[in-house]
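Structural overview
Take a look at the letters that make up each chain.
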Amino acid sequence: MEKFNPFHGLSTHAVHATEEQNPFNTNVTPIYQSSIYRIPDVATGVAIFEGTASGYVYTRLSNPTLDQVGQKIAILEGIDLLRKDPDRPANEVVRGRIFSSGMAAITSTILARVQSGQAVIAQEALYSRTYGFLSESERHGIHVAWVSNPDPAAWEAAFEATPDAAMAYLESPVNPSLSLVDIAAVAEIAHRHNAWLVVDNTFATPYCQRPFNLGADVVVHSTTKYLNGHGLIIGGIAISHHVDFVDHELYDIHKTFGATASPFDTWLLNNGLKTFELRMIRQCDNAMKVASFLEGHPAVSKVFYPGLPSFEYHELAKRQMMAFGGMISFELKGGFSAGENMMNSVRLCRLAVSLGHLDTLIEHPVSMTQAKVDPAVLAKTGITPGLVRLSVGIENVEDIIVDLDQAMSGL
Ligand SMILES: Cc1ncc(COP(=O)(O)O)c(C=O)c1O
């Protein structure tokens with residue numbers, strides 16, 4: 001019988017969900033820092049190996065700390081198993097699988113779902129390593145059909161031209177151009193063609209966007225970013241309401257490829273999660289103010305932020321996002337050299353890759369993260385020589401603005 005749970009708030013879940021799975025009632029759930037587990041007797045061991053009894057044997061396969069956090073993030077992503085599949089038992093646990101990096105979660109999801117001989121329809125503007133993996137996936141017998149235009153009609157055309165497509169893969173907002181894809185429209189197209197939709201929700205986070213409510217089949221994250229939020233770990237998660245996929249296909253790839261996160265990193269992730277909503281409220285608020293400041297600055301030609309009415313995808317952002325996030329990109333009028341000069345002039349903002357940390361992080365994609373991407377692809381995905389990416393932190397926003405202003409003063 002399902003217990004009635006009257007609590008729905010994101011912070012309430014982040015602080016309390018799964019925390020009761022703790023036999024000694026410590027108020028902070030402990031780390032299960034062990035590579036192996038004692039097996040009570042041979043018959044139980046056989047049942048655990050066969051999957052007919054629950055239990056732990058070896059941490060590469062599963063671990064209570066990873067299961068706890070995988071279940072908590074699935075709850076934050078709004079997984080509502082009963083609504084998705086009324087035939088499932090009410091007490092069935094839906095959890096994401098925790099990986100040692102966002103890339104491990106992404107590559108494992110693709111390899112677990114797409115067979116050799118099948119295809120992925122993917123948006124061309126993607127995080128650079130995801131793009132790299134997909135562009136080399138012919139080596140696994142997986143064909144990729146790229147969609148360069150976020151318009152749903154382009155996805156429809158790609159599916160029509162690719163009858164063996166098993167998956168649509170997208171990020172929204174896109175790293176680093178911040179352009180958006182209509183997730184509900186792509187989910188509908190994918191499902192009509194018997195394919196699944198996988199969404200990388202790293203940039204938006206479940207505070208700003210719930211892809212499952214828009215029809216996604218799998219949500220992946222780099223937990224390195226907003227979910228941990230403190231810049232302490234590299235981690236990833238893949239979540240799905242297709243419980244059999246998570247428990248079998250994804251589990252098989254996970255245990256074979258072995259990209260399991262450490263219990264300690266996962267415990268740090270759990271403790272970072274407890275302030276997730278607080279951080280997001282502050283970061284979204286700061287980002288809106290910083291974006292408005294940048295829009296009025298003479299050194300800036302264009303600002304890309306889902307919350308700005310001038311942004312090309314603002315109407316779509318209002319429709320599919322609950323908040324506009326902490327990521328901003330902007331175009332410097334002075335191009336490549338202005339980008340480099342600005343990177344060398346910031347004093348409060350940190351010149352660093354990654355995003356979603358407490359401190360404001362700034363980078364210049366063309367000279368840093370996207371330096372190896374083919375310039376023709378960069379041009380198609382809106383990454384110009386003067387594009388700067390900002391991950392707005394939780395500092396006092398006046399100080400962030402003062403720093404950006406002084407760093408752009410000589411441009
Ligand atoms: C949108 C997005 N997805 C995935 C990744 C990969 O995550 P990780 O570095 O944790 O492997 C990144 C990393 O920057 C990212 O920005």
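Attention in this report is confined to the structure presented alongside it. Note that the structure is predicted; figures quoted are calculated from it, not measured.

Assignment of secondary structure puts Lys72 in helix 3 (residues 64-76). Of note is the side chain of Lys72, whose polar atom sits 2.8 Å from the side chain of Glu19. At 2.8 Å, the side chain of Lys72 forms a polar contact with the side chain of Asn270. Those residues in contact with Lys72, other than ones at most four positions away along the chain, are His13, Ala14, Val15, Ala17, Thr18, Glu19, Asn270, Leu273 and Lys274.

Ranked by internal contacts, the top residues of the largest apolar core, which has 122 residues, are Val120, Leu294, Ile328, Phe330, Leu404 and Met408. For this core, the element with the highest residue contribution is helix 12 (residues 276-295), accounting for eight residues. Among all residues touching Leu294, those that are not within four sequence positions of it are Val300, Val303, Ile328, Phe330, Leu390 and Met408.

Right, let's talk about the layout of surface pockets for a bit. Empty space within the second largest pocket amounts to approximately 980 Å³. Lining the second largest pocket are 35 residues, with Ser54, Gly55, Ser62, Arg95 and Tyr251 positioned closest to its centre. Where the lining of the second largest pocket is concerned, the elements lending two or more residues are helix 2 (42-50), helix 3, strand 1 (97-99) and helix 10 (243-257).

All right, on to the sheet that holds strand 9 (residues 327-332) then. Strands in a sheet are paired, the pairing made by backbone hydrogen bonds, and the direction either parallel or antiparallel. Judged by pairing direction, the sheet is mixed, and its five strands sit side by side in the order 8-9-12-11-10 without closing on themselves. Two strands bound the open sheet, and with one partner strand each, they are strand 8 (300-304) and strand 10 (350-351). With three bridges connecting them, strand 11 (residues 361-363) and strand 12 (residues 387-391) associate as antiparallel partners. The residue of strand 12 that forms the bridge with Leu361 is Ser391. Sitting on the sheet, helix 14 (residues 335-345) touches strand 9, strand 10, strand 11 and strand 12, and the angle it makes with strand 9 is about 125°.

Right, let's get into the side chain of Asn228. Locating Asn228 in the fold gives a position in the loop between strand 6 (218-222) and strand 7 (236-240). By relative accessible area, which is 0% here, Asn228 ends up buried. A polar side-chain atom of Asn228 sits 3.2 Å from the main-chain amide nitrogen of Leu232. Each residue touching Asn228, except ones within four places of it in the same chain, is listed here: Thr223, Ile233, Leu268, Leu269, Gly272 and Arg279.

Glancing now at the packing of helix 7 (residues 152-161) against helix 8 (residues 183-192). At their nearest, the axes of helix 7 and helix 8 sit 9 Å apart, and the two run at 15° to each other. Overall, the two elements helix 7 and helix 8 adopt an arrangement that is roughly parallel. In this structure, helix 7 meets helix 8 at a crossing whose hand is right-handed. For the pair formed by helix 7 and helix 8, the contact residues are Pro152, Trp155, Glu156 and Phe159 on the first element and Ala185, Val186, Ile189, Ala190 and Arg192 on the second. In the contact of helix 7 with helix 8, the residues fall into seven nonpolar, no polar and two charged.

With that settled, consider helix 3. Between its first and last C-alpha, helix 3 extends 18 Å over 13 residues, near the 18 Å set by a 1.5 Å rise per residue. Most of helix 3 is tucked away, with twelve of its 13 residues classed as buried. All buried positions along helix 3 are accounted for by Pro64, Thr65, Leu66, Asp67, Gln68, Val69, Gly70, Gln71, Lys72, Ile73, Ala74 and Leu76. Taking the backbone nitrogen of Thr65 as reference, a side-chain oxygen 2.7 Å away marks Asn63 as the first, capping residue of helix 3. In the segment just after helix 3, Gly78 is the residue with positive phi, at about 80°.

Let us now look at the environment of Tyr37. Considering the arrangement of structural elements, one finds Tyr37 in the loop between helix 1 (10-16) and helix 2. Residues Tyr37 and His191 lie 154 residues apart in sequence; the distance between their C-alpha atoms is 41 Å. If sequence neighbours within four positions are ignored, Tyr37 has contacts with Tyr56, Val57, Tyr58, Thr59, Ser62, Asn63 and Pro64. Here the side chain of Tyr37 touches Thr59 through a polar contact of 2.8 Å, side chain to side chain.

Below, the discussion takes up empty space enclosed by the protein. Evaluated as defined, the whole model comprises two cavities of 30 Å³ or more. Here the largest cavity defines a volume of roughly 80 Å³. Considering the residues around the largest cavity, the lining is formed by Glu124, Ala125, Leu126, Ser128, Tyr131, Asn175, Gln370, Val373, Val377, Leu378, Thr381 and Ile383. Mapped onto the lining of the largest cavity, the elements with two or more residues apiece are helix 6 (128-135) and helix 15 (375-380). Class assignment of the residues belonging to the lining of the largest cavity gives a composition of seven nonpolar, four polar and one charged. The calculated volume of the second largest cavity comes to roughly 40 Å³.

Evaluation of the coordinates by the stated rule reveals ten salt bridges. Across the pair Asp252 and Lys255 runs a salt bridge, and its minimum N-O distance is 3.8 Å. Taken together, the positions of Asp252 and Lys255, both in helix 10 and three residues apart, correspond to about one turn of that helix. What makes Asp252 partly exposed here is its relative accessible area of 39%. For Lys255, a relative accessible area of 27% gives the class partly exposed. A salt bridge links Glu315 to Lys318, with the nearest nitrogen and oxygen atoms 3.3 Å apart. One end of the pair, Glu315, and the other, Lys318, are both in helix 13 (residues 314-320), three residues apart, so they sit about a helical turn from each other. On the basis of relative accessible area, Glu315 is assigned to the exposed category, the value being 51%. Using a relative accessible area of 45% as the deciding quantity, one classes Lys318 as partly exposed. Counted as one network, the salt bridges with shared partners bring together Glu19, Lys72 and Lys274.

About the cut-offs
Residues numbered from 1 in each chain as written. Predicted model: local features only at pLDDT ≥ 70, side-chain atom pairs only at ≥ 80, totals over all residues. Heavy atoms only, no water. Helix = DSSP H or I, 4+ residues; strand = E, 2+ residues; numbered from the N terminus. Polar contact = N/O pair within 3.5 Å; in protein donor to acceptor, adjacent residues only side chain to side chain. Contact = heavy atoms within 4.5 Å. Core = buried A, V, L, I, M, F, W, Y, C linked by side-chain atoms within 4.5 Å. Buried < 20%, exposed > 50% of the residue type's maximum accessible area, 1.4 Å probe, protein only. 1 Å grid on protein atoms, 1.4 Å probe; cavity = no way out; pocket = protein on both sides within 12 Å on 5 of 7 lines; lining within 4 Å. Points joined across faces, edges and corners; volume = space filled by probe spheres on them. Pairing = 2+ DSSP bridges. Axes fitted to C-alpha atoms, helices over the stretch in contact; angles between N-to-C directions. Parallel < 35°, antiparallel > 145°, perpendicular 65-115°, else oblique. Left-handed = near helix turned anticlockwise from the far one by under 90°. Nonpolar A, V, L, I, M, F, W, Y, C, P; charged D, E, K, R; others polar. Expected span 1.5 Å × (residues − 1). Salt bridge = Lys/Arg side-chain N within 4 Å of Asp/Glu carboxyl O.

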